[in-house]
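Single-letter residue listing:
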Amino acid sequence: MSRQYRVVDHILECFGDIGVGHIFGVDGANIEDLYDAAYRHPGITAVVAKHEFSAATMADGYSRSGAGLGVVAATSGGGALNLVPGLAESLASRVPVLALVGQPPAPMDGRGSFQDISGRNGSLDAETLFSAVSVFCRRIEKPDDIVGSLRCAIAAAHTGGPAVLLLPKDIQQAQVVNQRPVNGHGGNGRAAPGPGDPHPILRALRGADGPVTIIAGEQVARDDARTELWALADLLGAQVACVPDAKDVGGPDSSSDYALTGVAGHPGVAALVATSAVCLVVGTRLPVTARSGIDAALATVRTVSIGSAPPYLPCTHVHSDDLRASLAALAHGLRGRAPGPRAPHRLRREELEPPRHHGPGVRYRDAMRVLDTVVPAGADIVVDAGNTGASALHYLPVRRDGRFIVALGMGGMGYSFGAGIGMAFGRARRTVVIAGDGAFFMHGMEIHTALQYRLPVTFVLFNNNAHAMCVTREQLFYGDLYSYNRFRPSELGTGLGAMFPGLPAAEVTETGELPDALASALTTDGPAVVSIECSADEIPPFAPFLTAAKEDGYVTARA
């Protein structure tokens, strides 16, 4: 093949310049030239996943981990369409991701080519489709357009969300002639940050005649603004609570573990907010999963917000695409302010208490307590949706110097497998994936990808032979008259150990077996699996379920 400077070569060179070290995807005829360019680039590893959804979540997890811009690549047709739910999660959670989507050669558009998604002559319109799940979408029509379009796409992604470039195969192979910077973007293509005008919030904080509560969100992690957040909280004497997908935004003592908002959060957060003079919302839109149980309190308290998007509830909002700068500006503006009333005390640890369950298998709380004992400091944790996810959110603290990720934007099951792999590539440290068997059956074959690359990922699978959250809903809301959501029994650890030679895999049926099994899985060289037998009939620490259980006559108690 000619070694002319192709469009794909330009893309990879740009990635090298901005520190992108990995591309995640699934190869195919209309994206193979990008893989060819990646092979020839010394600083970039192209990772092949088993499914494009998981490739998208790998890019998402890589980006959330702070490793850099997450990049996913897919071929046309069904491969491209498989990206949609993964990109939708990144859009809903405002995660910077760049998707490179191959297309058939442009001269074949609308002429019945295989996997035609040009939108011409009755074919599916990829640009319309991907525009709905991205903050930026553009089809490259001429080779030299890649220079400006790539810079614009990267800048758009960094505002929070996926950007998509549609790349016809003939364009990918074509030579780039004009490499001059265009559209005013230079360097790494990132738009100039917008710190926002802090004065509306300064006025509210200066005038506070009582304690201040801060509700911190996922943008604090995205902008690497933890230090600035906690400096501001200390200056104000404020208690900080974190939304579920910002559980790892806690301070040096991991106090956020005890002050989580929302459906699996701390029972005392509502009272904390209600007794505040001002509630400062930082870097979150406060969706229902994050504000469940505190809506009434927020309605009675003056609430102000700062971040890249306003909250769903009405309040004074200041736009900021750079929370590090904005929070530092707030702290600077408050210096010299007369000390106001401090939060009376830090919330003590308190748990929701589901109905006691005596069925077979290991209890969620017991398993999370063992995990808390054996997972080391510095480890990263990625949690999937469902009863298992709610239990991990509520019971399992963040590791010191580690990340804790849960995807609640779309709540797509199976997210954790790809995201954990992306995080392990990005941070090169032990990653613990916690998921249920329902999530495993959707995208758990990515365990093979972890084995392929010898990644330090420990997969902890809670196997209750069901879509357990749906079983719980059948029981609480539909009279427990039937179940569509129970599975035939499976032994995931045994099966995976037999399927993948060299993969350490254990089956755990009793709590006493769990410490040794987890300790071994956390210290193995490469990936390992621990499958834990649990019960689909156990109600997790999930506030809407506990309210329904109490109304339905279940006995509940508070810790």
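What you see is a predicted model, and the numbers here were worked out from it, not measured in a lab. (Residues numbered from 1 in each chain as written. Predicted model: local features only at pLDDT ≥ 70, side-chain atom pairs only at ≥ 80, totals over all residues. Heavy atoms only, no water.)

Further remarks concern the overall build of the protein. Looking only at helices and strands, the protein features 24 helices and 17 strands. Compactness check: the protein gives a C-alpha radius of gyration of 24 Å against a globular reference of 24 Å for 559 residues, within 12% of the reference. For the protein, the spread of C-alpha atoms along the principal axes amounts to about 70 × 65 × 45 Å. Of the contacts formed within the protein by residues at least 6 apart in sequence, a portion of 77% connects residues at least 24 apart. Accessible area of the protein: about 21200 Å², with a carbon and sulfur share of 52%. (Helix = DSSP H or I, 4+ residues; strand = E, 2+ residues; numbered from the N terminus. Rg over C-alpha atoms; globule rule 2.2 N^0.38 Å. Contact = heavy atoms within 4.5 Å. Areas by Shrake-Rupley, 256 points an atom, 1.4 Å probe, with all protein chains shown as cover.)

Summarising the element assignment, Val8 is placed in helix 1 (residues 7–18). Of the residues examined, Val8 reaches a relative accessible area of 0% and is grouped as buried. Along the backbone, Val8 and Asp480 are 472 residues apart, and their C-alpha atoms lie at a distance of 56 Å. Excluding its chain neighbours within four sequence positions, the residues that come into contact with Val8 are Asp33, Leu34, Ala37 and Gln172. (Buried < 20%, exposed > 50% of the residue type's maximum accessible area, 1.4 Å probe, protein only.)

Turning to the domain arrangement of the protein, a few remarks are in order. When cut into domains, the protein gives domain 1 (4–177), domain 2 (198–334) and domain 3 (364–552). Placing a centre on the C-alpha atoms of domain 2 and another on those of domain 3 gives a separation of 29 Å. The interface of domain 2 with domain 3 comprises 15 residues on the first partner and 17 residues on the second. On the domain 2 side of the interface with domain 3, the three residues burying the most area are Lys247, Asp248 and Val263, jointly 38% of the side's total. Our enumeration of links across domain 2 and domain 3 arrives at one salt bridge. Where Arg403 meets Asp248, a salt bridge forms, and the shortest distance between an N and an O atom there is 2.4 Å. Taken together, domain 2 and domain 3 are joined by seven residue pairs in polar contact (both at pLDDT 80 or more). (Domains from an automatic or database assignment. Buried area = accessible area lost by both parts, 1.4 Å probe. Salt bridge = Lys/Arg side-chain N within 4 Å of Asp/Glu carboxyl O. Polar contact = N/O pair within 3.5 Å; in protein donor to acceptor, adjacent residues only side chain to side chain.)

Ordered in space as 2-1-3-4-6-5, the six strands form an open sheet in which the pairing is parallel. Strands at the two margins of the open sheet, each flanked by one partner only, are strand 2 (45–48) and strand 5 (136–139). The average angle at which neighbouring strand axes cross in this sheet is 20°, direction not considered. Alignment of strand 4 (residues 97–103) against strand 6 (residues 162–168), held across seven bridges, turns out to be parallel. Counted as the bridge partner of Leu100 is Leu165 from strand 6. Strand contacts of helix 3 (residues 52–64): strand 1 (22–25), strand 2, strand 3 (70–74) and strand 4, with the helix running at about 165° to strand 3, the strand carrying the most contacts. (Pairing = 2+ DSSP bridges. Axes fitted to C-alpha atoms, helices over the stretch in contact; angles between N-to-C directions.)

Before going further, it helps to spend a moment on a nonpolar patch on the surface. A cluster of nonpolar side chains, contributed by Phe477, Tyr478, Leu481, Tyr482 and Tyr484, occupies part of the molecular surface with about 650 Å² of accessible area. Along the chain, Leu481 turns up in the loop between helix 21 (468–477) and helix 22 (492–499). (Patch = residues over 30% accessible without salt bridge, like charges linked within 9 Å, V, L, I, M, F, W, Y side chains within 5 Å.)

We now examine the pattern of salt bridges. Applying the stated rule across the entire model yields 20 salt bridges. Two residues, Asp9 and Arg6, come together in a salt bridge whose shortest N-O distance is 2.9 Å. Taking the relative accessible area as the measure of exposure, Asp9 reaches 11% and is therefore buried. According to the relative accessible area criterion, Arg6 is buried, its value standing at 2%. Salt-bridge contacts for Asp36 lead to Arg40; the nearest nitrogen and oxygen are separated by 3.2 Å. Placement of the pair is Asp36 and Arg40 together in helix 2 (residues 32–40), with a separation of four residues, close to one helical turn. The class for Arg40 is partly exposed, based on a relative accessible area of 40%.

Another point: the packing of aromatic side chains. Applying the stated criterion across every chain, the model contains 11 aromatic pairs. Plain terms: the ring middles of Phe477 and Phe545 are 6.4 Å apart, the flat faces sit at 55° to each other, and that makes the pair tilted. You can see Phe477 sitting in helix 21 and its partner Phe545 sitting in helix 24 (residues 543–551), a full 68 residues away along the chain. Since its relative accessible area comes to 1%, Phe545 is described here as buried. One aromatic cluster in this structure is built from Phe417, Phe440, Phe441, Phe459 and Phe487. The ring of Phe404 carries the charged tip of Lys247 above its face, separated from the ring centre by 5.3 Å. (Phe/Tyr/Trp six-rings, centres within 6.5 Å; stacked < 30°, edge-to-face > 60°. Lys NZ or Arg CZ within 6 Å of the ring centre and 35° of its normal.)

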